[in-house]
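Coordinate analysis (summary)
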Amino acid sequence: MTDAVPPVIIFVVGALLIPVIPGRFKSAWMLLIPVVGFLNLMYLGVGTHFEINFLDYHLVLGRVDKLSLLFAYVFHLISFIAILYALHVKDTLQQVMGLLYAGSALGAIFSGDLFSFFIFWEMLTVFSIFLIWARRTEAALGAGFRYLLVHAAGGLCLLAGIVIHVNQTGSIQFDYMGLNGPGSYFIFLGFGLNCAWPLLHPWLTDSYPEATITGTIFLSAFTTKVAVYALARGFPGTEALIWIGAVMTGFPIFYAVIENDLRRVLAYSLVNQVGFMVCGIGIGTALAINGAVCHAFNDILFKGLLFMSMGAVMYRTGKINGTDLGGLYRTMPLTCIFCMVGAASISAFPLFSGFVSKSMVMDAAASGHMRIVWFILLFASAGVFHHAGIKIPYFAFFSHDSGLRPKEAPIHMLLAMGIAAFLCIFIGVYPAPLYALLPYPVDYVPYTAPHVVGQTQLLFFSALAFTLLLRAGIYPAEIRCINLDSDWFYRKGGKVFFQFFDRVLNGLNRFCDRVFIKGIVGTLAVIFKDIAARLSLFVMVNIWLLMGIRGERLKTKKLDFYSDMMNGTVPIGIGAGVSTLFLVLIFIFT
């Protein structure tokens, strides 16, 4: 169809016009942008659109298929929900950057070539940083700079991989690559960094909790999901992803259990959920790929809902640590209910959205006889129910009575959370419309007796374990502390690296400055700064002595001549004579 425009254009133009829109119309304008963008998608037929010839390369800004459309639908949906949630925000910086960030994600998923994909990939980094810095705290500033450094390194890795890959293959087309050369390995690592792979993940758990309340909703939706899309596009069936994803599902559970900051608990949970997607992409079967991208769709909604509920708590109380909260169900009942819907969804409870997608990945692992991987995913499913399904609503809304009696969240926040909660339940009860959008035909039936009974048993026994540990006093207490993660190594290592080279290289600089610049060069500068005047004066003094000039008159002439030479005002005759003498000396000695 020819009446559509690149989806990124609608978001970019709409964002850039926000500063000039009058205040009372600004909210309507921002809500209209994803609506118009979604309508624009209806005119995008499957195929390639918006093709540009640049130098010797063919750029594609609109490669439309079921994979890209699935992510485009949910990106528009979460953009509308996040904008509705953030209507109280009057900070133009956040408003503009949020929409530019969403537009960059759309540009990336519709890119059919590696160069345009890289441009939008880097735009994601640039615009997302401002959603962290917009909180305007010292912690947010530091987290933003670390985020920038990590993603700059990842971007350089991706760029190096693209250049090598294009040089080897002669093609910039972004399709299946696999691990078949140095370029593909660099690209693989670049995607992995944005996916928050193990040991590369702390940028996420460090920065997302420090972002603004509304900025975190955008952050949770786009960066990691674009990376999941990129892996599904370029590296499906790559065996290494199976184990990377399995580890991602497991290790964040241990951090989330002992974490006090509830938004940081959700950040670790985000890594855990992305692990299911990465593992599914690695398995590579039609069922696994469908499960991975279906779970990405659902995760954007239920993780956004959980971040919104914690954001509402933080907005009303100014607190987010489990030790400072509790008893809020009394005055924030709707927020509590929406939070519990998100918790049930992320826990893959039957009749909620996580159940109809996560089970696809686990069944794909079981069908492939991957017993160890399946067991890890099973453990992770129980763990995520424990820390996100129980811990988040329990410590925020129940637990001990904190004495806080805040108002219920504003109506626009409740509407946004209500839409997300409705979708979580609707998809869980009736997944067929979502299944119809998946890349491969779906004959999977989530609601069978083994699935429902097995998952229900798992969740209830997980809840029982939480209750028994809590009642026995064995469960780790919520305490105010800083938990060390793998970023400790590069934070401390970077400091040691800087100090080492400061002492070695800057010490060498100081030594060279002292010996050469201030020593040899300085001495030569003193000597040669008036050597021409001294040599000329030597010649003229001898001439004056031959002429019989002595005493005070000679002293005065010497002072005047030296001053004239330094100021460049000697008589023409003397200058010509001295020049002639130097020429004669040069002629004699050469």
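Here the structure is shown first, and the text comes after it.
The sections below set out a description of the structure shown in this document. (Residues numbered from 1 in each chain as written. Predicted model: local features only at pLDDT ≥ 70, side-chain atom pairs only at ≥ 80, totals over all residues. Heavy atoms only, no water.)

A word on the pairing of strand β1 (residues 47–54)
Looking along a regular strand, one sees the side chains alternate between the two faces of the sheet. Alignment of β1 against strand β2 (residues 57–64), held across seven bridges, turns out to be antiparallel. Opposite Thr48, over in β2, you have Arg63 as the bridge partner. In sequence, β1 turns back onto β2 through a hairpin of two residues, with Leu55 there showing a positive phi of about 55°. (Pairing = 2+ DSSP bridges. Helix = DSSP H or I, 4+ residues; strand = E, 2+ residues; numbered from the N terminus.)

Quick word on the environment of Asp363
The topology assignment puts Asp363 in helix α14 (residues 353–367). A sequence separation of 197 residues divides Asp363 from Val166, and the C-alpha atoms of the two residues are 37 Å apart. Ignoring any residue separated from it by four or fewer positions in sequence, one finds Asp363 in contact with Leu287, Tyr444 and His451. In this structure the side chain of Asp363 is engaged in a polar contact, spanning 2.6 Å, whose partner is the side chain of His451. (Contact = heavy atoms within 4.5 Å. Polar contact = N/O pair within 3.5 Å; in protein donor to acceptor, adjacent residues only side chain to side chain.)

Details of the nonpolar core
A general trend in soluble globular proteins is that nonpolar side chains are found buried together. One finds Phe75, Phe191, Phe222, Leu231, Met310 and Met417 to be the most contacted residues of the largest nonpolar core, which totals 151 residues. Among residues more than four places away in sequence, those in contact with Met417 are Tyr85, Leu305, Met308, Ser309, Ala312, Thr335, Phe338 and Ala409. (Core = buried A, V, L, I, M, F, W, Y, C linked by side-chain atoms within 4.5 Å. Buried < 20%, exposed > 50% of the residue type's maximum accessible area, 1.4 Å probe, protein only.)

Focus: helix α1 (residues 7–17)
Where α1 is concerned, the buried positions are Pro7, Val8, Ile10, Phe11, Gly14 and Ala15. Each buried residue of α1 lies within a common arc of 160° when the element is viewed along its axis, so the set occupies one face. Buried-residue contacts for α1 involve α2 (23–41), α3 (66–85), α4 (92–109) and α5 (114–133). (Arc of directions from axis to C-beta.)

Quick word on the state of the cysteines
Applying the stated criterion to the full structure yields zero disulfides. Cysteine Cys336 shares no disulfide, and the gap to the nearest cysteine sulfur, in Cys339, comes to 6.8 Å. (Disulfide = S-S within 2.5 Å.)

What to know about empty space enclosed by the protein
Using the criterion set out here, one finds two cavities of 30 Å³ or more in the structure. Here the largest cavity defines a volume of roughly 120 Å³. Lining the largest cavity are 13 residues; nearest its centre among them are Met30, Ala86, Gln94, Gln95 and Phe218. Of all the secondary-structure elements, those providing two or more residues to the lining of the largest cavity are α4 and α9 (215–234). Element by element, the count of residues in the lining of the largest cavity is highest for α4, at four residues. Across the lining of the largest cavity, the residue classes tally to eight nonpolar, five polar and no charged. Here the second largest cavity is characterised by a volume of approximately 40 Å³. Every element with two or more residues in the lining of the second largest cavity is listed here: α1 and α4. (1 Å grid on protein atoms, 1.4 Å probe; cavity = no way out; pocket = protein on both sides within 12 Å on 5 of 7 lines; lining within 4 Å. Points joined across faces, edges and corners; volume = space filled by probe spheres on them. Nonpolar A, V, L, I, M, F, W, Y, C, P; charged D, E, K, R; others polar.)

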